[in-house]
Each structure stands twice: as C-alpha cells, then as structure tokens.
Amino acid sequence: VSDEASLETLTSENTFVLVDFFADWCPACQKIAPDFSELAMNYNDEGTLTFARVDTEAAKDLAIAYNIESIPTFILFKNGAIVDSVQGADLNAVIDMV
C-alpha cells in the first residue's frame, strides 16, 4: 500500500485488514517480515481478512496519518476503523490479533 486511497479501498472492501508499517532498513522489520507473509498466506480470506504492508519511507504521509512512532507497527482495521495495534516485532501479539 503506497497511499491513503489504496488503504481506504482495502479497508472498505474487507471486514478486517492487518497492516504492517515497516522500513527496509529496520532489522526488526526484516526479522518479522517472513512471519507476516506466512500469516497472510495462511489466513487471507478475501472480503473478510486481508493483509497489507506500508513502507514508511515510501509512504511517509501514511506513517504520519496513523501516528507511526516506531516500527514495525501492526494495525488491525475492522470496517475501516482501527481496533487494535502492536508496536514491535512481537509475533505472538500479531497472531493474537488475527
């Protein structure tokens, strides 16, 4: 996801959207990225639950809009509203959101 319009489309077309806000230079982001991809492969259910990633360096406006202060940050949207979030590479906490 690279802009607000894309994120709004995702959150309007899916009941739940789990978004990973990351940066390529972030070691913790790199460490959890394969796990996030595996979760997406195992739990993605079009229209119900989908997964997305936002590169905070490429989409700084999104990082600002969602007050991303540390990365990685995972935000769970339900019907377009934020219902949960996790800061840091805590895989168990991310799994609990799914």
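Please refer to the structure higher up on the page.
Residues numbered from 1 in each chain as written. Predicted model: local features only at pLDDT ≥ 70, side-chain atom pairs only at ≥ 80, totals over all residues. Heavy atoms only, no water.

Draft legend 1. Structural detail: the side chain of Thr 56. Residue position: Thr 56 is located in the loop between strand 2 (49–55) and helix 3 (60–65). Exposure remark for Thr 56: the relative accessible area of 8% places this residue in the buried category. If sequence neighbours within four positions are ignored, Thr 56 has contacts with Phe 21, Phe 22, Ala 23, Ala 63, Ile 68 and Ile 71. (Helix = DSSP H or I, 4+ residues; strand = E, 2+ residues; numbered from the N terminus. Buried < 20%, exposed > 50% of the residue type's maximum accessible area, 1.4 Å probe, protein only. Contact = heavy atoms within 4.5 Å.)

Draft legend 2. Representation of helix 2 (residues 27–43). In this model helix 2 runs 25 Å from its N-terminal to its C-terminal C-alpha over 17 residues, within 8% of the 24 Å that 1.5 Å per residue would give. Along helix 2, the sharpest kink reaches roughly 35°, centred on Ala 33 and followed within four residues by the proline Pro 34. Within the sequence span of helix 2, burial applies to Cys 29, Ile 32, Ala 33, Phe 36, Leu 39 and Ala 40. The inward-facing, buried residues of helix 2 contact strand 1 (16–22), strand 2, strand 3 (73–78) and helix 4 (91–97). (Expected span 1.5 Å × (residues − 1). Bend = angle between axes of the 7 residues up to and from the residue.)

Draft legend 3. Focus on unusual backbone geometry. Here Ile 71 and Pro 72 are connected by a cis peptide whose omega angle stands at -5°. Along the chain, the position of Pro 72 falls in the loop between helix 3 and strand 3. Backbone geometry at Asn 67 places phi at a positive 50°, although glycine is not the residue there. By the secondary structure assignment, Asn 67 is in the loop between helix 3 and strand 3. With a relative accessible area of 57%, Asn 67 lands in the exposed category. Non-glycine residue Asn 79 carries a positive phi angle of around 50°. Residue class for Asn 79 comes out exposed when judged on its relative accessible area of 58%.

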